[in-house]
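Okay, here's what each chain looks like letter by letter:
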Amino acid sequence: MDTSGMYVGLDIGTTSIKVIVAEYLEGQLNVLGVGNERAAGLSRGVIVDIDKASEAIQRAVKAAEEKASIQIHDVIVGISANMLKIEPVTGMIAIGDQAREITDQDVRDVASAAIIQNLPPEREIINLIPDEFIVDGFDGIKDPRSMVGVRLEMNGMLFTGPKTIVHNTKKAVEQAGLNAQLAVVSPIAQGLSILSDGEQDFGTVLLDLGGGQSTAAVIHDHRLKFADVDPEGGDYITKDISVVLNTSIENAEKLKRNYGFADSSRASEENQFPVDVVGQSRPSDISEKYLAEIIEARLMQILGKLKTQLDATNALSLPGGIVLTGGVAALPGITDLAQDVFDVPVRVSIPDQMGLRHPSFTQALSLVNYRGQMSEVALLVQSALAGNDQLASQVESRQEPQPTVEVSDSRHSSTVPSRTSSSNKPKKQRAQGIRKFFKDFFD
């Protein structure tokens, strides 16, 4: 199946908004442009001012457009896991009185049947992921299309979130002049993109340490099984530094980035640096170790809260250990500190794309990668949530030559080749050749 295409990932974070334009071609992700702008209108990972957030999104999109030389219209946007609810669902439809081939529309219909339920008015569906299809009692089917049957069933996982969060995110994207082609629960995209097949299968804890909040997600059997959010992140560390050292937020952020250590045992008492203190005409010298102790205290609190939630689900016994990502994961010594807190193997996930080798870019890249790896069936199922005909039409367009991608510079254009199946004639010739081989061989 051809999943080639040009996609745009939009990561709306508390401290920064990142836009990544990438081409997904034959399983390879090629980054074409990046936009990274300071966020506005967000608090602890949630949009609280749609106007300010949309303006920040526009700035980030414009920067990515200039670098990629394209105009961006559609984006894949990440939705935070705040108050996320995960539940299994089942749908069933009758194909007809007589057996016939199952079509794309049948897949959409059975997905729609699976989500017919009484949702509380304050919640909204974000994702529906199919686990299996059942045709006339035969289960374990991943793609039922072109099969013959009279009854089609689907088992899947439904992900819902607070309507306020989902609505504000989509509204800010729309107000920025963009179309949210696909919304994805952030840990789902990250788990698929940064965890190995074995880590997803046997079970791994994913910790996203962002600026406004910290998210713990459990991936097991290739599914997101649990997610919990602590509304504390890198911003709280910056505020702690500002308060303790009596310096501005801007200076505190620079100190954290330039001299900060997550593990105070790795910092030096001898290494000192000047700090501009409010009310003093001359800077004060602060040791590297003292700064690290301030950072470590807040991190211990954040990780301790997440550990309590993970202990309750017995997630720390999973063999995959813990994978760290997010901007805070870039602090030196974070791996050692996390190992001390959780007492399990810990590693930091860093993108390997040139110019994006920082854990803060993981989410935006994961969104693009997730969209590139979506199967046609997954697209059809997701399109049933809100009658998203655009996703459904993309399944049909994959069977035809891909159109040329319009670029802002008329001298350049790029086309994404589509895989075409061999014609029936070559297949027939190969089959005849195989039969002739066995006939001559056994004669």
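Calculation rules
- Residues numbered from 1 in each chain as written.
- Predicted model: local features only at pLDDT ≥ 70, side-chain atom pairs only at ≥ 80, totals over all residues.
- Heavy atoms only, no water.
- Helix = DSSP H or I, 4+ residues; strand = E, 2+ residues; numbered from the N terminus.
- Buried < 20%, exposed > 50% of the residue type's maximum accessible area, 1.4 Å probe, protein only.
- Contact = heavy atoms within 4.5 Å.
- Areas by Shrake-Rupley, 256 points an atom, 1.4 Å probe, with all protein chains shown as cover.
- Phe/Tyr/Trp six-rings, centres within 6.5 Å; stacked < 30°, edge-to-face > 60°.
- Lys NZ or Arg CZ within 6 Å of the ring centre and 35° of its normal.
- Arc of directions from axis to C-beta.
- Pairing = 2+ DSSP bridges.
- Axes fitted to C-alpha atoms, helices over the stretch in contact; angles between N-to-C directions.
- Polar contact = N/O pair within 3.5 Å; in protein donor to acceptor, adjacent residues only side chain to side chain.
- Patch = residues over 30% accessible without salt bridge, like charges linked within 9 Å, V, L, I, M, F, W, Y side chains within 5 Å.
- Salt bridge = Lys/Arg side-chain N within 4 Å of Asp/Glu carboxyl O.
- Parallel < 35°, antiparallel > 145°, perpendicular 65-115°, else oblique.
- Left-handed = near helix turned anticlockwise from the far one by under 90°.
- Nonpolar A, V, L, I, M, F, W, Y, C, P; charged D, E, K, R; others polar.

J.: How should the overall build of the protein be read in this particular structure?
T.: Along the protein, the regular secondary structure elements total 13 helices and 22 strands. Scored against the burial criterion, the 443 residues of the protein give a buried share of 51%. Restricting to contacts in the protein with at least 6 residues of sequence separation, those with at least 24 account for 66%. Surface exposure of the protein reaches about 21300 Å², of which carbon and sulfur atoms provide 48%.

J.: Honestly, the packing of aromatic side chains in this entry has me stumped. Any pointers?
T.: Ring pairs (aromatic) are described by centroid distance and by the angle formed between their planes. According to the stated counting rule, one finds one aromatic pair in the structure shown. Judged by centre distance (4.1 Å) and plane angle (10°), the rings of Tyr-259 and Phe-273 are stacked. Here the residue Tyr-259 occupies a position in helix α7 (residues 249-259), and Phe-273 occupies one in strand β17 (residues 272-275), the gap between them amounting to 14 residues. The class of Phe-273 is buried, set by a relative accessible area of 3%. Note that Lys-18 overlies the ring of Phe-361, its terminal NZ or CZ placed 5.4 Å from the centroid. The ring of Tyr-236 has Lys-239 sitting right over it, with the charged end atom 5.5 Å from the ring centre.

J.: I keep staring at α7 and nothing clicks. Help me out?
T.: Each α-helix turn comprises 3.6 residues. Residues three or four places apart therefore point the same way. For α7, the complete set of buried residues consists of Ala-252, Glu-253, Leu-255 and Lys-256. For α7, the angular spread of the buried residues around the axis is 160°, confining them to a single face. Set apart from the buried face of α7 by more than 90 degrees, the exposed residues are Glu-250, Lys-254, Arg-257 and Asn-258. Tucked into the core, α7 has its buried residues touching α6 (234-245), β17 and α8 (288-312).

J.: What is the right way to read the sheet that holds strand β10 (residues 138-141) from this model?
T.: Hydrogen bonds between backbone atoms are what pair the strands of a sheet, whose relative direction is either parallel or antiparallel. With respect to topology, four strands assemble into an open sheet ordered β7-β12-β9-β10, the strand pairing being antiparallel. If you trace the sheet from one side to the other, it starts and ends with β7 (85-94) and β10, each paired once. Shown here is a sheet whose adjacent strand axes are inclined to one another by a mean of 35°, direction ignored. Direction of pairing for strand β9 (residues 123-135) relative to β10: antiparallel, over a ladder of two bridges. Directly across from Phe-133, in β10, lies its bridge partner Ile-141.

J.: I keep staring at the side chain of Asn-82 and nothing clicks. Help me out?
T.: Within the fold, Asn-82 resides in the loop between β6 (74-79) and β7. Within polar-contact distance, the side chain of Asn-82 engages the side chain of Ser-80 at 2.7 Å.

J.: Could you clarify how one ought to interpret a nonpolar patch on the surface in this entry?
T.: There is a patch of nonpolar side chains on the surface, built from Val-243, Val-244 and Tyr-290 and spanning about 290 Å² of accessible area. With respect to the helices and strands, the residue Val-244 is situated in helix α6.

J.: Looking at this structure, how should I read the packing of α6 against α8?
T.: Each pair of packed helices can be described by the angle between their axes along with the distance between the axes. Between α6 and α8, the shortest axis-to-axis distance is 9 Å and the interhelical angle comes to 135°. With respect to α8, the axis of α6 lies oblique. Seen from above, α6 lies across α8 with right-handed handedness. Within the contact between the two elements, α6 uses Tyr-236, Ile-237, Asp-240, Ile-241, Val-244 and Leu-245 and α8 uses Tyr-290, Leu-291, Ile-294, Ile-295, Arg-298 and Leu-299. Residues belonging to the contact of α6 with α8 are distributed by class as follows: ten nonpolar, no polar and two charged.

J.: What am I meant to see in the sheet that holds strand β13 (residues 179-185) here?
T.: Ordered by their spatial adjacency, five strands build an open sheet running β3-β2-β1-β6-β13, and the pairing between neighbours is mixed. Across the chains shown, the open sheet's two edge strands, defined by having one partner strand only, are β3 (28-38) and β13. Averaged over all pairs of adjacent strands, the angle between their axes in this sheet comes to 25°, without regard to strand direction. With ten bridges joining them, strand β2 (residues 16-25) and β3 adopt antiparallel strand pairing.

These results come straight from atomic positions and should not be treated as a statement about function.
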